[in-house]
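So the chains spell out like this:
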Amino acid sequence: MSENRKRILEMLANGRISADEAERLLNALENGHIVDDTPARTFGTSKYLRILVEREPERDGDEQTKVNIRVPLQLLRAGVKLKGLLPEDARDQMNEALREKGVDFDVNQFKVENLDEMLANLNDLSIDIDKKSRKAKVRIFCE
Amino acid sequence: MIPMMAVLRVERGQRRRVRLWLPLFLLWLLALPVLVVALPVVAIILLAYSRNPLRVFAAYWSVLSAIPGSHIEVSGRRGHHVTMHVY
């Protein structure tokens, strides 16, 4: 299902548009009056890393908490390159801090190629978090 | 291209909406004379610490020029909505 079609159906489900309006929009989409901007989820053509977080409201009547972050992939690559300029002590401290948090990761070994490989295999990662009866959904993908 | 403009939008419910256009290019214009003076000094300091100044400047430039296109959007309770986009 394309992103636009999904968006229209979501608006209909949320009651933001009527069934007639949804039908008109879907027809317009099918006839090409609305350009389908469904992002190509292939890493080769991707320019951005998108992180979407949706958290259920704490109380009835509250709105859903949403976070939508778009980071240029070029910025991630530049950040990895910047790592090479960090003093060795600082990198060791980062490794130590990560290890304390239970993440066995060596910053010294991480290269731009590793980042590209990681993003190429990312596709559309979806994580469901269930904390204290409040559910949250995290989606990470390239677009 | 380095960031030239940032747009900050803050919404509180239906009524209170604030949209701020932040002209970052003015910041670069103001920073330019300072950078011209500071860069040789920084380069000397980097050389003293056995770092290649060109490599360091290139790395920072690549970070700076990759920022445009960044987008952060947060919607919270009671209709609070904050959006930041860098052009």
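Preceding this paragraph is the structure being described.
Residues numbered from 1 in each chain as written. Chains lettered and ligands numbered in written order. Predicted model: local features only at pLDDT ≥ 70, side-chain atom pairs only at ≥ 80, totals over all residues. Heavy atoms only, no water.

Participant: Looking at this structure, I do not really get the interface of chain B and chain A. What am I missing?
Facilitator: In many reports, interface size means the accessible area that the parts give up when they come together. The partner chain A presents 22 residues to the 22 residues of chain B that form the contact. Across the chain B to chain A interface the summed buried area is about 1,800 Å²; carbon plus sulfur atoms make up 55%. Linking chain B to chain A there are 0 salt bridges. At the surface where chain B touches chain A, the tally comes to 4 residue pairs in polar contact (both at pLDDT 80 or more). For the side of chain B that touches chain A, the secondary-structure elements that each account for two or more residues are α2 (53-66) and β3 (71-75) of chain B. (Contact = heavy atoms within 4.5 Å. Buried area = accessible area lost by both parts, 1.4 Å probe. Salt bridge = Lys/Arg side-chain N within 4 Å of Asp/Glu carboxyl O. Polar contact = N/O pair within 3.5 Å; in protein donor to acceptor, adjacent residues only side chain to side chain. Helix = DSSP H or I, 4+ residues; strand = E, 2+ residues; numbered from the N terminus.)

Participant: What is the right way to look at a nonpolar patch on the surface in this model?
Facilitator: Residues and elements named next belong to chain B. On the surface, Met1, Met4, Phe25, Leu26 and Leu29 cluster together into a nonpolar patch covering about 520 Å² of accessible area. Looking at the element boundaries, Met1 is found in the segment before β1 (5-12). What makes Met1 exposed here is its relative accessible area of 73%. (Patch = residues over 30% accessible without salt bridge, like charges linked within 9 Å, V, L, I, M, F, W, Y side chains within 5 Å. Areas by Shrake-Rupley, 256 points an atom, 1.4 Å probe, with all protein chains shown as cover. Buried < 20%, exposed > 50% of the residue type's maximum accessible area, 1.4 Å probe, protein only.)

Participant: Help me out: how do you make sense of the pairing of strand β2 (residues 16-23) of chain B in this one?
Facilitator: Note on strand geometry: in a regular strand, side chains alternate between the two faces of the sheet. Residue and element names in this part refer to chain B. As defined by bridge partners, β1 adjoins β2 across 8 bridges and the pair is classed as antiparallel. Across the sheet, residue Arg9 finds its bridge partner in β2, namely Arg19. The hairpin turn running from β1 into β2, its antiparallel successor, is 3 residues long, and Gly13 in that turn takes a positive phi close to 70°. (Pairing = 2+ DSSP bridges.)

Participant: Looking at this structure, how should I read the nonpolar core?
Facilitator: Within soluble globular proteins, side chains that are nonpolar tend to cluster in buried spots. Residues and elements named next belong to chain A. Leu49, Leu73, Val80, Phe110, Val112, Leu115, Leu119, Leu122, Val138, Ile140 and Cys142 form the largest nonpolar core, which has 11 residues in total. Among the elements of the structure, α3 (73-83), α5 (112-120) and β4 (134-142) are those that each provide at least two residues to this core. When neighbours within four sequence positions are excluded, Leu122 is seen to be in contact with Leu49, Ile140, Phe141 and Cys142. Ile8, Ile17, Leu26 and Leu29 belong to the second-largest nonpolar core, a separate cluster that totals 5 residues. (Core = buried A, V, L, I, M, F, W, Y, C linked by side-chain atoms within 4.5 Å.)

Participant: Explanation requested: the packing of α3(A) against α5(A) in the structure shown.
Facilitator: Each pair of packed helices can be described by the angle between their axes along with the distance between the axes. Residues and elements named next belong to chain A. One can describe the packing of α3 onto α5 by two numbers: an axis separation of 9 Å at closest approach and a directional angle of 145°. For the element pair α3 and α5, the recorded crossing hand is right-handed. Here Leu73, Leu76, Arg77, Val80 and Lys81 of α3 lie close against α5, whose contacting residues are Val112, Leu115, Asp116 and Leu119. Class assignment of the residues belonging to the contact of α3 with α5 gives a composition of 6 nonpolar, no polar and 3 charged. (Axes fitted to C-alpha atoms, helices over the stretch in contact; angles between N-to-C directions. Left-handed = near helix turned anticlockwise from the far one by under 90°. Nonpolar A, V, L, I, M, F, W, Y, C, P; charged D, E, K, R; others polar.)

Participant: Looking at this model, I keep getting lost on the sheet that holds β4(A). Mind explaining?
Facilitator: Strands belonging to one sheet form pairs held by backbone hydrogen bonds; the direction of such a pair is parallel or antiparallel. Ordered by their spatial adjacency, 8 strands build an open sheet running β3(A)-β4(A)-β1(A)-β2(A)-β3(B)-β4(B)-β1(B)-β2(B), and the pairing between neighbours is antiparallel. At either end of the open sheet lies a strand with only one pairing partner, and these are β3 (124-131) of chain A together with β2 of chain B. Neighbouring strand axes in the sheet, compared pairwise and without regard to direction, differ in orientation by 10° on average. Taken together, the 7 bridges between β1(B) and strand β4 (residues 80-86) of chain B define a ladder with antiparallel strand orientation. Bridge pairing in β4(B) links Glu11(B) to His81(B). In the packing of helix α1 (residues 24-48) of chain B onto the sheet, contacts are made with β1, β2 and β4 of chain B, and the angle to β2(B) comes to roughly 35°.

Participant: Would you take a moment to explain the packing of aromatic side chains for this structure?
Facilitator: Centre-to-centre distance and the angle between the planes together describe a pair of aromatic rings. Residue and element names in this part refer to chain A. By the definition in use, this model includes 1 aromatic pair over all chains. Considering the side-chain rings of Phe105 and Phe110, the 5.4 Å spacing of their centres and the 55° angle between planes classify their relative orientation as tilted. Under the relative-accessibility criterion, Phe105 is labelled partly exposed at 34%. Positioned above the aromatic ring of Tyr48, the side-chain terminus of Arg70 is 4.2 Å from the ring centre. (Phe/Tyr/Trp six-rings, centres within 6.5 Å; stacked < 30°, edge-to-face > 60°. Lys NZ or Arg CZ within 6 Å of the ring centre and 35° of its normal.)

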